[in-house]
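Here is what each chain is made of, one letter per residue.
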Amino acid sequence: MNSLTIFKNAYFKFLEVIVVAIMIALASVVTVGFLSRLVGSPFSWYDEVASVGLAWLTYYGAALAAAKGAHIGCPTVVNYFPPSIRLPIALVAEAITIGFFVLLAYTGTQVVLILEGSTLISLTSVSVQLTQSAIPIGAVLFIIAELLHLPEVISSAKGDGFIDHELEEAGLTYDKASITTK
């Protein structure tokens, strides 16, 4: 196993641990909030904390999906093209995706800087900068994931084509999925 593969696997595991931790924390916050309402003494902070947790889960989960090559895409459409055209299309798509996340990281950093001194309404000891840090951090994690996945993209574009992860999860291959019933 080469060093890129080892790093990539460690990165996947790192993102998985973060996403699972956020999911557990979010489920705990929502459960505590539900129980506090059930007993008639709701916590004022749980709605705001749950909203932040959902945003964090979205950004870090997107980075994990990108690392696994399972983010939004149109593999079936790209596969219709011959490999000589498929590779440039795939590279342009990757460049646009990475460019978008570079812009998101930059603007997210600007947002975090602007929010200096702001705190959550219900938890005044928690900085809004901390809660919004998921934007630039998640964007950078997504960029790293895309760059780590780039060799697979190039290989798939040059070879038999891209795997449609939705079909793969359903247990279908591209050939089986394209069969129509009369």
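The preceding data block contains the structure.
Now for a look at the structure at hand.

Cut-off values and rules
- All chains use their own residue numbering, which begins from 1 and follows the written sequence.
- Note on the predicted model: pLDDT of at least 70 is required for a residue's local features to be given, and 80 or more for side-chain atom pairs to be given and counted; whole-chain, interface and lining totals, by contrast, use all residues.
- Each side-chain value is worked out from all heavy atoms of the structure, with water and hydrogens disregarded.
- The term salt bridge refers to a pairing of a side-chain nitrogen on Lys or Arg with a carboxyl oxygen on Asp or Glu at a separation within 4 Å.
- Runs of E in the DSSP output that reach at least two residues are strands. Runs of H or I that reach at least four are helices, and both are numbered from the N terminus.
- For each residue, the accessible area found with a 1.4 Å probe, counting protein chains only, is set against the maximum for its type, and the residue is called buried under 20%, exposed over 50%, and partly exposed in between.
- In this description, a nonpolar core means a group of buried Ala, Val, Leu, Ile, Met, Phe, Trp, Tyr and Cys residues linked to one another through side-chain atoms lying within 4.5 Å.
- Working rule for contacts: check all heavy atoms of both residues, and any pair within 4.5 Å makes them a contact.
- An expected span of 1.5 Å times one less than the residue number is assigned to each helix.
- Side-chain rings of Phe, Tyr and Trp, where Trp is taken by its six-membered ring, are said to pair if the distance between their centres is within 6.5 Å; with planes under 30 degrees apart they count as stacked, over 60 as edge-to-face, and otherwise as tilted.
- A ring is scored as having a charge over it whenever the NZ atom of a lysine or the CZ atom of an arginine sits within 6 Å of its centre and within 35 degrees of its normal.

This part takes up the pattern of salt bridges. All told, the structure shown has 4 salt bridges when counted by the stated rule. In this structure, Lys-68 engages Glu-16 in a salt bridge whose closest nitrogen and oxygen atoms are separated by 2.7 Å. Here the residue Lys-68 occupies a position in the loop between α2 (46-67) and α3 (75-79), and Glu-16 occupies one in helix α1 (residues 3-38), the gap between them amounting to 52 residues. The exposure class assigned to Lys-68 is partly exposed, which follows from its relative accessible area of 39%.

Turning our attention to the nonpolar core. Counting residues in hydrophobic clusters, the biggest one holds 28 residues, and the most contacted among them are Tyr-11, Leu-15, Tyr-60, Ala-67, Phe-101 and Leu-141. Elements with a minimum of two residues in this core: α1, α2, α4 (83-114) and α6 (134-158). In contact with Phe-101, other than residues within four places in its own chain, are Ala-139, Phe-142 and Ile-143. In this structure, Leu-87, Ala-90, Val-153 and Ala-157 belong to the second largest nonpolar core, which totals 6 residues.

All right, on to α4 then. End to end, α4 covers 46 Å across 32 residues, agreeing with the expected 46 Å (1.5 Å per residue, within 8%). Every buried residue of α4 is listed here: Arg-86, Leu-87, Ala-90, Glu-94, Ile-98, Phe-101, Leu-104, Ala-105, Gly-108 and Val-112. Next to the buried residues of α4 lie α2, α3, α5 (128-132) and α6.

We now examine the packing of aromatic side chains. Within this structure, the stated rule accounts for 5 aromatic pairs. Plain terms: the ring middles of Phe-43 and Trp-45 are 5.4 Å apart, the flat faces sit at 25° to each other, and that makes the pair stacked. For Phe-43, a relative accessible area of 39% corresponds to the partly exposed category. Owing to a relative accessible area of 24%, Trp-45 belongs among the partly exposed residues under this scheme. A network of ring pairs unites the aromatic residues Phe-7, Tyr-11 and Phe-14 as a single cluster. Over the face of the ring belonging to Phe-12 we find Lys-68, whose NZ or CZ atom lies 5.9 Å from the ring centre.

Note on placement: Lys-8 falls in helix α1. Once you skip the residues sitting within four places of it in the chain, Lys-8 turns out to touch Leu-148 and Glu-152.

Purely spatial values, then, with no claim about function.
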